[in-house]
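The lines below spell out each chain.
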Amino acid sequence: MTTKLFGEPVRRREDARLIVGKGRYLDDIGHNALAAAFVRSPHAHARVVDIDVEGALDVEGLVAIYTYDDLTGPMAEPLPVLIPHPQLTAPRTGYSLAYEKVHHVGEPIVMVVATDRYIAEDAAERIVVTYEELPAVVGVDAAHEARHAVHDDVPDNVSARHHQETGDVEPALAASPHTLTFTQYIERSASMPMEGRGVHAHWDADDRSLRVYTATQASTSVRAAIAAKLELSLDKVEVIAPDVGGGFGVKIMHPWPEELLVPMAAMNLGADVKWSEDRREHFISSAHERQQKQEITVGFDDDGRLTALDVVVWHDNGAYTPYGIIIPIITATQLIGPYDIPVYRVRVDSVYTNTVIVTPYRGAGRPQACYAMERTMDRIADVLGLDRAVVRERNLIQSSQFPYDAHLTFQDGRPVVYDSGDYPGLMAKLKDLVGWSGAEELRDDATARGKLLGVGMAMYVEGTGPGPYEGGHVQVLGSGKVLVATGLTSQGQGHETSFAQIVASELGVPIEDVEVTTGDTRRFPYAVGTFASRAAVMSGNAIALAARGVREKALRIAADVLEASPDDLEIEDGVVQVKGVPGTSIPLRTVAVLSNPLRYAFDEAAKQATQFTSHDDSKPPVAPGDAPGLEHRDYYSPLRSTFASGAHAAVVEIDPATWEIDVVKYAVVHDCGNVVNPMIVEGQVHGGVAQGVGGALYERMAYDSDGQLQNASFMDFLMPYASEVPDVVIDHQQTPSPLNPLGIKGAGEAGVIPGTAAIASAIEDAVGRRITSMPISPTELYDLMRNPAAERTAASAGRAENGVLA
Amino acid sequence: MTASVDTERTITVTVNGVPREATVPVRRLLSDALRHDLGLTGTHVGCEHGVCGACTVLVDGDPVRSCLMLAVQVDGRAVTTVEGLARDDKRGGQLLHPVQEAFRECHALQCGFCTPGFLMTIAAGLDKRDPAAELTEEEVDDMVGGNLCRCTGYANIKKAVHHAAATMKERQ
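Rules of the game
Residues numbered from 1 in each chain as written. Chains lettered and ligands numbered in written order. Predicted model: local features only at pLDDT ≥ 70, side-chain atom pairs only at ≥ 80, totals over all residues. Heavy atoms only, no water. Buried < 20%, exposed > 50% of the residue type's maximum accessible area, 1.4 Å probe, protein only. Helix = DSSP H or I, 4+ residues; strand = E, 2+ residues; numbered from the N terminus. Pairing = 2+ DSSP bridges. Right-handed = clockwise from strand over helix to strand, strands pointing away. Salt bridge = Lys/Arg side-chain N within 4 Å of Asp/Glu carboxyl O. Axes fitted to C-alpha atoms, helices over the stretch in contact; angles between N-to-C directions. Contact = heavy atoms within 4.5 Å. Domains from an automatic or database assignment. Buried area = accessible area lost by both parts, 1.4 Å probe. Polar contact = N/O pair within 3.5 Å; in protein donor to acceptor, adjacent residues only side chain to side chain. Parallel < 35°, antiparallel > 145°, perpendicular 65-115°, else oblique. Left-handed = near helix turned anticlockwise from the far one by under 90°. Nonpolar A, V, L, I, M, F, W, Y, C, P; charged D, E, K, R; others polar. 1 Å grid on protein atoms, 1.4 Å probe; cavity = no way out; pocket = protein on both sides within 12 Å on 5 of 7 lines; lining within 4 Å. Points joined across faces, edges and corners; volume = space filled by probe spheres on them. pLDDT = per-residue confidence, 0-100. Expected span 1.5 Å × (residues − 1). Core = buried A, V, L, I, M, F, W, Y, C linked by side-chain atoms within 4.5 Å. Phe/Tyr/Trp six-rings, centres within 6.5 Å; stacked < 30°, edge-to-face > 60°. Lys NZ or Arg CZ within 6 Å of the ring centre and 35° of its normal.

**Looking at the pairing of strand β20 (residues 482–486) of chain A**
Residue and element names in this part refer to chain A.
1) Next: Most of β20 is tucked away: five of the five residues are buried.
2) Next: Counting the residues in the hairpin turn of strand β19 (residues 470–476) and β20 gives five residues, including Gly-480, whose phi is positive at 95°.
3) Next: Pairing of β20 with strand β21 (residues 514–518) involves five bridges; the strand directions are parallel. Note that in β21 the partner of Val-484 across the bridge is Val-516.
4) Next: In this region the chain leaves β20, passes through helix α13 (residues 495–507) and returns to the parallel neighbour β21; the handedness of that crossover is right-handed.

**Some thoughts on the pattern of salt bridges**
1) Next: In the structure shown here, the tally under the stated rule is 64 salt bridges over all chains.
2) Next: Ionic pairing is found between Glu-101 of chain B and Arg-171 of chain B, a salt bridge with its closest N-O pair at 3.2 Å. Pair noted here: Glu-101 of chain B is in helix α2 (residues 98–105) and Arg-171 of chain B is in helix α5 (residues 155–171), with a separation of 70 residues, a long-range link.
3) Next: Of the residues examined, Glu-101 of chain B reaches a relative accessible area of 26% and is grouped as partly exposed.
4) Next: Through salt bridges with shared partners, one network takes in Glu-374, Arg-375, Asp-378, Arg-379, Asp-382, Arg-392, Glu-764, Arg-770 and Glu-791 of chain A.

**A short note on the sheet that holds strand β4 (residues 62–65) of chain B**
All names here are of chain B.
1) Next: If you trace the five strands from one edge of the open sheet to the other, you get β2-β1-β5-β3-β4, paired in mixed fashion. Every interior strand has two partners, whereas the edge strands, β2 (18–25) and β4, have only one. Taking each pair of neighbouring strands and ignoring which way they run, the sheet shows an average axis angle of 40°.
2) Next: As defined by bridge partners, strand β1 (residues 8–15) adjoins strand β5 (residues 78–80) across two bridges and the pair is classed as parallel. Residue pairing in the sheet places Thr-14 in a bridge with Ala-78 of β5.
3) Next: Of the strands in this sheet, β1, β2, β3 (56–59) and β5 touch helix α1 (residues 30–37), which is tilted by about 95° from β3.
4) Next: Running at roughly 40° to β3, helix α3 (residues 115–128) makes contact with β3, β4 and β5 of the sheet.

**Description of the domain arrangement of chain A**
Residue and element names in this part refer to chain A.
1) Next: If you check the domain split of chain A, you get domain 1 (32–134 + 191–285), domain 2 (363–458 + 640–800) and domain 3 (467–636).
2) Next: For domain 2 and domain 3, the distance between their C-alpha centres works out to 44 Å.
3) Next: In this complex, domain 2 contributes 18 residues to the contact, which on the side of domain 3 involves 18 residues.
4) Next: Regarding the contact of domain 2 and domain 3, the summed buried area is about 1300 Å², with carbon and sulfur atoms giving 59% of it.
5) Next: The largest per-residue losses of area from domain 2 upon contact with domain 3 belong to Val-676, Pro-741 and Leu-742, which jointly make up 37% of the total buried on that side.
6) Next: For the pair domain 2 and domain 3, the interface holds zero salt bridges.
7) Next: The interface formed by domain 2 and domain 3 holds six residue pairs in polar contact (both at pLDDT 80 or more) in total.

**With respect to the sheet that holds strand β4 (residues 101–102) of chain A**
Residue and element names in this part refer to chain A.
1) Next: Spatial ordering of the open sheet is given by β4-β2-β6, a layout of three strands whose pairing is antiparallel. Unpaired on one side and paired on the other, β4 and β6 (128–133) mark the two borders of the sheet.
2) Next: The sheet contact formed by strand β2 (residues 46–52) and β6 spans six bridges and is antiparallel. Residue pairing across strands places Asp-50 opposite Thr-130, the latter belonging to β6.

**Regarding the packing of helix α9 (residues 366–384) of chain A against helix α10 (residues 388–395) of chain A**
All names here are of chain A.
1) Next: As a packed pair, α9 and α10 sit with axes 8 Å apart at the nearest point and diverge in direction by 115°. One finds that α9 runs roughly perpendicular with respect to α10. α9 and α10 meet at a crossing whose hand is right-handed. The segment α9 lies against α10, with Glu-374, Met-377, Asp-378, Ile-380 and Ala-381 engaging Arg-388, Val-391, Arg-392 and Asn-395.
2) Next: Here the residues of the contact of α9 with α10 sort into four nonpolar, one polar and four charged.

**Notes on the domain arrangement of chain B**
Residues and elements named next belong to chain B.
1) Next: When cut into domains, chain B gives domain 1 (8–84) and domain 2 (87–171).
2) Next: Once you take the C-alpha centre of each, domain 1 and domain 2 turn out to be 21 Å apart.
3) Next: With 20 residues of domain 1 in contact, the opposing surface of domain 2 contributes 16 residues.
4) Next: Roughly 1200 Å² is buried in total at the junction of domain 1 and domain 2, and carbon and sulfur atoms are behind 59% of that figure.
5) Next: The partner of Lys-128 in a salt bridge is Asp-62, with the nearest N and O atoms 2.7 Å apart.
6) Next: At the surface where domain 1 touches domain 2, the tally comes to eight residue pairs in polar contact (both at pLDDT 80 or more).
7) Next: Contributions of two or more residues to the side of domain 1 that touches domain 2 are made by β3 and β4.
8) Next: A class-by-class count of the residues in the side of domain 1 that touches domain 2 yields eight nonpolar, nine polar and three charged.

**So, empty space enclosed by the protein**
All names here are of chain A.
1) Next: For the structure on display, the rule yields eight cavities of 30 Å³ or more.
2) Next: Taken together, the residues of the lining of the largest cavity break down into 10 nonpolar, four polar and four charged.
3) Next: Of the volumes computed, that of the second largest cavity is approximately 100 Å³.
4) Next: Along the walls of the second largest cavity sit 14 residues, with Ser-189, Arg-290, Gln-691, Gly-695 and Thr-756 positioned nearest its centre.
5) Next: With three residues, the top contributor of residues to the lining of the second largest cavity is helix α16 (residues 678–697).

**Considering the confidence of the model for chain B**
1) Next: Chain-level pLDDT for chain B is 95 on average; 97% of the residues reach the 70-or-more range.
2) Next: On the interface metric, ipTM, the complex scores 0.97, and its pTM is 0.96.

**Focus: α9 of chain A**
Residues and elements named next belong to chain A.
1) Next: Compared with an ideal rise of 1.5 Å per residue, which puts 19 residues at 27 Å, α9 spans 27 Å between its outermost C-alpha atoms and is within 8% of the ideal.
2) Next: Burial analysis of α9 places 17 of its 19 residues in the buried class, which makes it a mostly covered element.
3) Next: Of the residues trailing α9, Gly-385 is marked for its positive phi of about 70°.

**Points about unusual backbone geometry**
Residues and elements named next belong to chain A.
1) Next: Of note, the bond from Phe-402 into Pro-403 is cis; its omega dihedral lies within 30 degrees of zero at -10°.
2) Next: In this structure, Pro-403 sits in the loop between α10 and β16 (404–409).
3) Next: Note the cis peptide between Met-774 and Pro-775, where omega equals 0°.
4) Next: One can find Pro-775 in the loop between β29 (773–774) and α18 (778–786).
5) Next: With phi around 60°, Trp-659 is a residue other than glycine that occupies positive phi space.
6) Next: Of note, Trp-659 is situated in the loop between β26 (642–654) and β27 (661–671).

**A few points about the interface of chain B and chain A**
1) Next: Listed as interface residues are 48 residues of chain B and, on the opposing side, 56 residues of chain A.
2) Next: A buried area of about 4400 Å², summed over both sides, lies between chain B and chain A, and 56% of it is on carbon and sulfur atoms.
3) Next: If you sort the residues of chain B by the area they bury against chain A, Arg-104, His-107 and Arg-150 of chain B come out on top, with a joint share of 20%.
4) Next: Viewed at the interface, chain A and chain B are joined by six salt bridges.
5) Next: A salt bridge links Asp-27 of chain A to Arg-35 of chain B; the nearest nitrogen and oxygen atoms lie 2.9 Å apart.
6) Next: The interface formed by chain B and chain A holds 23 residue pairs in polar contact (both at pLDDT 80 or more) in total.
7) Next: If you list the elements that add at least two residues to the side of chain B that touches chain A, you get α1, α2, α3 and α5 of chain B.
8) Next: The element contributing the most residues to the side of chain B that touches chain A is α2 of chain B, with four residues.
9) Next: Class assignment for the residues of the side of chain B that touches chain A results in 19 nonpolar, 19 polar and 10 charged.

**Comments concerning the nonpolar core**
1) Next: In this structure, Phe-714 of chain A together with Phe-103 and Ile-122 of chain B are the most contacted members of the largest nonpolar core, which totals 76 residues.
2) Next: At the level of elements, α7 (279–285) and α8 (326–334) of chain A together with α2, α3, α4 (137–144) and α5 of chain B are the ones that each hand at least two residues to this core.
3) Next: With seven residues, the single largest contributor to this core is α3 of chain B.
4) Next: Apart from the residues lying within four places of it in its own chain, the contact partners of Phe-103 of chain B are Asp-15 and Ile-19 of chain A together with Ala-108, Leu-109, Thr-115, Phe-118, Leu-119, Ile-122, Ile-157 and Ala-160 of chain B.
5) Next: Formed by 53 residues, the second largest nonpolar core is a distinct cluster that contains Ala-332, Ile-336, Phe-402 and Leu-453 of chain A.

**Section: the packing of aromatic side chains**
All names here are of chain A.
1) Next: Enumeration over the complete set of coordinates arrives at 15 aromatic pairs over all chains.
2) Next: Ring geometry for Tyr-68 and Tyr-99: centres 4.4 Å apart, planes at 40°, overall tilted. On the criterion of sequence distance, the pair formed by Tyr-68 in the loop between β3 (62–66) and β4 and Tyr-99 in the loop between β3 and β4 is long-range, its members being 31 residues apart.
3) Next: Taking the relative accessible area as the measure of exposure, Tyr-99 reaches 33% and is therefore partly exposed.
4) Next: Where Phe-283 meets Phe-714, the ring centres are 5.9 Å apart and the plane angle is 75°; that geometry is what we call edge-to-face. Within this pair, whereas Phe-283 is found in helix α7, its partner Phe-714 is found in the loop between α16 and β28 (728–732), the two being separated by 431 residues in sequence. For the pair shown, Phe-283 and Phe-714 are each scored as buried.
5) Next: Grouping aromatic residues by their ring pairs yields a cluster made of Phe-402, Tyr-404, Phe-410, Tyr-418, Tyr-423 and Phe-643.
6) Next: Seen from the ring of Trp-314, Lys-293 lies directly overhead, with NZ or CZ sitting 5.4 Å from the centre.

What follows is the structure, encoded as structure tokens:
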């Protein structure tokens, strides 16, 4: 059957335009638009004393200059706290243009609009801002110490103290046969999509309506924010995400100041205005993530079974908290991973620093959570002299325990209940895939070649597909074309293909007839956005439900025409036919025509639906409760998130002359339930692993103590090239989700989650020194190896070390 | 002080086989001139400091980063962009370069933003080699090693290079 495409590696439909240069990204739109450029703060913390624009005024081509004083009404108020939470006791957000103070390098202070970007930058350069510098707070330790405050009225720098517990942890720790306490760090990285952010605004002065294109992951919410801030009725604002060159989380944050200021300028000037972020702007003004300090106390028995876990995290939220405490909540709740932990307590202090805001980057608190839990497992194994896999196996939630209630509250405000999974199955597959039992031979072989080899592993459980909802609209046209729309956006995930596969399969039409639109508020105005590995789960299921609605209606109409029972009909290749009676059929496109009773025959096909061809005058043309058109809109709103899972292992080889760390093998076992398109899911895993390796070995945001980002370019921020990314071997497991009609779980973020933990474990295994701070560079590893105080692992004691380590 | 008549030049450049003329400020980057003056938006700009390779085009057949070159530098030369990579099939359609086909077949792109740069670099590499010779991993690494991609993890891009080379070997 040609139309059952669910689960097939269908080649992507979006590629046809993207491989010939016909994509339409933000900066490809509006060549005649005026260009905006920004004066941004060069200081991490300062009072803005004066803004002198005089020098810019004679720049030929200058159109307008805006400062805070030009903002009125809601635009003059702080940016929204997008996700309020009772534990977010001291939320602070910036202004679209700085008001009185700046709190990080890169904060926008002045917007310049000119006839082109070069000229806008010329003018911006001539604007003189006078600052009174204030002390900068950089890093979680400085924030925690609170010798200085980022915000005057938050003297302890704590924006939120997030706390969850599943029982009384202190007595449980006191009663534990063993306890361990340790501290570890993880650094900042960033989403760093190849396309930065960008906004284009068109104001129709006659219609008093605004069309905004923005490289966003949440067009419906950007629309609502623009309407609120610019005091427009929602129906006068449309927001469209065009082709978006990668998101990875940074574009789920919104409204960015530019998403409000550019439309404001377009309205104000009566002209199209565009801003495309450059790479330096992206480094210093778009969000980062990941920095945490983690203090972990674990109790366990002689067999390595956990008895209690107590974790305190200091989470660097940057200068403001527009995205609330989503990352702290995710770290807190995803930390337990696939393990059955009798008593768990976690506290995450989210702290202000004078650095760029911290909002989700692929994984969103999970890589840190995994790092905390998995390194704990490694420590327990080391103390007890057990195999690291064995310790994990002894603590795994068993298949018989699903649904597993973790007694925690997730980022969607819903309980953390693992819906399905097979964690021992993951572990068994992982050990096979990486050759866990043969690790010592690999080590011996490497030693003979003068290299240090280590193996590490990490497991995770990922809450995916959080609500509140997504919707789908499916419409069959008289031409036979099937239009599909959903409100969430795409940044390379292949939604045009996977959603078309779902509709082709559900409806029984050729995929070539299906056309998918995402992220366009004109086509679907109700949506949440693309984040948290939710697009396939949420929109996939909503679209499936909408397609089922269309199918039901089509069968009903066709049954009338064919004088058959709907139950006896099937749709195949776009034709409705009586099962087993070839020839008794009607094309779906004709059903679409008939579904809309007409007075006027505007084309040949329409004649079939006009009033004098109607054959049943006993009922009105459109029956009560029915609607014209072969279309259906439906929504999927889950009770709670669905939990995907996986296990990764890394084999590293280290050269003791240069301390270069080479990941020579990387194994992934992945379970995201039913898979719509395995080719696309595998691509997501590949990309995630590359970001995981980058985060473990190369990428960091190198802020100095003044809050200056020292590596704000691709020359200095080491994003992996092909030469840094290992070959990845992948095995799959499928435990369908019982929560949604398609049985799917999210796959977008999984690949990145365990990278830091698995690679830290492998390096530690290779060098026999405790790794407590990630990422780690060859220089840092060299320093660690030269430090006589560096803690040696117990496992390394019995091992013959290379002469170079003596 | 800014773009004025005496800081502009009119250049003649053959773009994708078609002679074009443009009057551009002397400081205008080739990438901006292609995208905004000639409307060829297939060339993407990812970093504007020559590291990511998204803006790679061919100048007289060699890959260059169009964000590191001024438009005036291509006066009198031939530029090929991703829009010019496919050949006319003489039947009113386009015949994709094998590397374009391979990218689609091997799922070597996700968001597609870096893709034009990879396509141009790899196409130049493949077109210059003897299609009959066995493609080595070193050659593949050379062809993909200088461009950044944030989506794919490069595995499928490498696969696509092999796929394209095999197609070219078949078709030689």
